[in-house]
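A structural walkthrough
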Amino acid sequence: MVAKSDKEFFVPADSDGRNNMMRRLYEKYGEIRVYPIAKSIMSRPIDALYVGDGEMYICVFAAHHALESITSNIAYMLVDYLLYGSGAGRIYDVDCKLLLSKYCFIIVPCVNPDGIELRYHGASGSPIYDRQMRMSGGDFSTWQANARGVDLNHNYDAGFYRYAALARDMGIMPGASRYGGEYPESEPESRGVANLVRTIMPSAVISLHSQGEEIYAFPDTPYVKRIARRISSATGYSIGVPEGSAAFSGLCDYTASLGIPSFTFEVGQGKNPLPESDISAIFERVGKAIVTLPTLL
Ligand SMILES: [Zn+2]
């Protein structure tokens, strides 16, 4: 039924501007509503895929972090599932046609294409090769950040300066992870994400990360907690509490500050990057929870 998006990993760069997952969706469905929300530091497109005709929005963002590109696969599978469901009717016991007449899913499968490229292929050919080699010591195997060493999920305007002071004290510099940037939304990738959210003010935001099989729910209200408990029982994921530096300047910290119910999913279990063989099992648990989320709102 659903395209075998689990047969290979998402890879961002392709000469015709379409990555391997996008090409597969175009082959299967012909038309897809794709809108660019930003260009990365290295001018790679960051696309939002729209599925549904409703006037309420659910936003899903994946791969803020380069070692977590398995979440891009999950996001593309979600697009595939919803497109399939829009023609087929019921999926996961949800009337998909009805759902997509009320809601529009806006899915950004890859927030950080430059970081994923670095992780896969290193810095060779990069216009800022020397800088990237200095930041990484030539080893990109733990690289989570964008092209210039900013951790995109610490670049949002929520507790940013508190986090920046903490990071300074800890000696965190531009590099593989945890450096939040010079100011909130200093990076085109995070600015594009935040602009999209501010413009459409969705009913819910979901941010996909790996790993840990946990959900973090924001803001801390009885309404959001109730939804989190339902997601937890649907996925088997536990409800986590962010600790230490994880508690600042992330996307969901920011969207929660706008009053939007926001959920970080730490998908899968193991050591990042998780293997391709985990993709299907993760989607089984997470895809269903995302598709059924509007029924909980
Ligand atoms: Zn992450």
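Read on for a plain summary of the structure. (Residues numbered from 1 in each chain as written. Predicted model: local features only at pLDDT ≥ 70, side-chain atom pairs only at ≥ 80, totals over all residues.)

1. Structural notes on the overall build of the chain
Basically, it comes down to this: Only DSSP runs of H or I with at least four residues qualify as helices, and only runs of E with at least two residues qualify as strands; both kinds are numbered from the N terminus onward. The reference for a compact globule is 2.2 Å times residues^0.38; the radius of gyration itself is calculated from the C-alpha atoms. Buried, partly exposed and exposed are defined by the number of other C-beta atoms within 10 Å of a residue's own C-beta, namely 20 or more, between the two limits, and 12 or fewer respectively, with C-beta atoms placed from the backbone.
A tally of regular secondary structure across the chain gives 10 helices and 10 strands. For 297 residues, the compact-globule estimate of 2.2 N^0.38 gives 19 Å, and the chain sits close to it at 18 Å. Principal-axis analysis of the C-alpha atoms places the extent of the chain at approximately 55 × 45 × 35 Å. Of all 297 residues assigned to the chain, the portion counted as buried reaches 51%.

2. Focus on the sheet that holds strand S3 (residues 56-62)
Think of a sheet as strands paired side by side through backbone hydrogen bonds, with each pair either parallel or antiparallel. Just so we agree on the cut-off: Strands were regarded as paired on the criterion that DSSP finds at least two bridges between them. In this description, any two residues whose backbone-derived C-beta atoms lie within 7 Å of each other are considered to be in contact. Comment: axis = line fitted to C-alpha atoms, over the contacting stretch for helices; angle = value between 0 and 180 degrees taken between N-to-C directions.
Strand order in this open sheet of eight strands is S1-S2-S6-S3-S7-S10-S8-S9, and the pairing throughout is mixed. Looking along the sheet, the strands with just one partner apiece sit at the ends: strand S1 (33-39) and strand S9 (238-239). For strand S7 (residues 204-210) and strand S10 (residues 262-267), the ladder comprises six bridges, and the chain directions are parallel. Counterpart to Val205 in the pairing with S10 is Ser262. Across the sheet, helix H8 (residues 222-235) touches strand S8 (214-218), S9 and S10, and the angle it forms with S8 is around 165 degrees.

3. With respect to the packing of H8 against helix H10 (residues 279-292)
The geometry of a pair of packed helices is captured by two quantities: the angle between their axes and the separation between those axes. For clarity, the cut-off: Throughout, a crossing is termed right-handed when the near helix is turned clockwise from the far one, and left-handed when it is turned anticlockwise from it by less than a right angle. The nonpolar class holds Ala, Val, Leu, Ile, Met, Phe, Trp, Tyr, Cys and Pro. Asp, Glu, Lys and Arg form the charged class, and all remaining residues, Gly among them, are polar.
Between H8 and H10, whose axes approach to 9 Å, the crossing angle comes to 145 degrees. Considering the relative orientation of H8 and H10, their crossing is right-handed. When H8 is examined against H10, the residues Ile231, Ala234 and Thr235 are found in contact with a partner set consisting of Arg285, Val286, Lys288, Ala289 and Thr292. Taken together, the residues of the contact of H8 with H10 sort by class into four nonpolar, two polar and two charged.

4. Regarding the packing of helix H1 (residues 20-29) against helix H2 (residues 70-88)
Going by this rule: Put simply, angles under 35 degrees are roughly parallel, angles over 145 are roughly antiparallel, angles from 65 to 115 are roughly perpendicular, and the rest are oblique.
Where H1 meets H2, the axes come as close as 10 Å, and the angle between the chain directions of the two elements is 10 degrees. Relative to H2, H1 is oriented roughly parallel. Residues Met21, Leu25 and Tyr29 of H1 form the contact with H2, whose participating residues are Tyr76, Val79, Asp80 and Leu83. Split into classes, the residues belonging to the contact of H1 with H2 amount to six nonpolar, no polar and one charged.

5. Topic: the nonpolar core
Our working definition: Here a nonpolar core is just a set of buried residues of the types Ala, Val, Leu, Ile, Met, Phe, Trp, Tyr and Cys, joined wherever their C-beta atoms sit within 7 Å.
Counting residues in each nonpolar core, the largest one holds 91 residues, and the members touching the most others are Val60, Ala62, Ile74, Leu78, Val79 and Ile107. Element by element, the count of residues in this core is highest for H2, at 10 residues.

6. Description of the pairing of S8
Every other side chain in a regular strand lies on the same face of the sheet, so the side chains alternate between the two faces. Just so we agree on the cut-off: Seen with its strands pointing away from the viewer, a crossover is right-handed when the path leading from the first strand over the helix to the second is clockwise.
Counting buried positions along S8 gives four out of five residues, so the element sits mostly inside the fold. Judged from the two bridges that link them, S8 and S9 form a sheet pairing that is parallel. Paired with Ile215 across the bridge in S9 is Ile239. Each parallel crossover has a hand, and the one from S8 via H8 to S9 is right-handed.

7. Looking at H8
In plain terms, the rule: In this scheme, a helix's expected span is set at 1.5 Å multiplied by one less than its residue total. As used here, the arc is the angular range of directions from the helix axis to the C-beta atoms.
With 14 residues, H8 should cover 20 Å at 1.5 Å per step; its first-to-last C-alpha distance of 20 Å lies within 8% of that length. For H8, every residue scored as buried is listed here: Ala228, Ile231 and Thr235. Burial along H8 is one-sided: seen end-on, the buried residues are contained in an arc of 60 degrees. Of the residues in H8, the exposed ones pointing more than 90 degrees away from the buried face are Pro222, Tyr223, Lys225, Arg226 and Ser233. Buried residues along H8 sit against S8, S9, S10 and H10.

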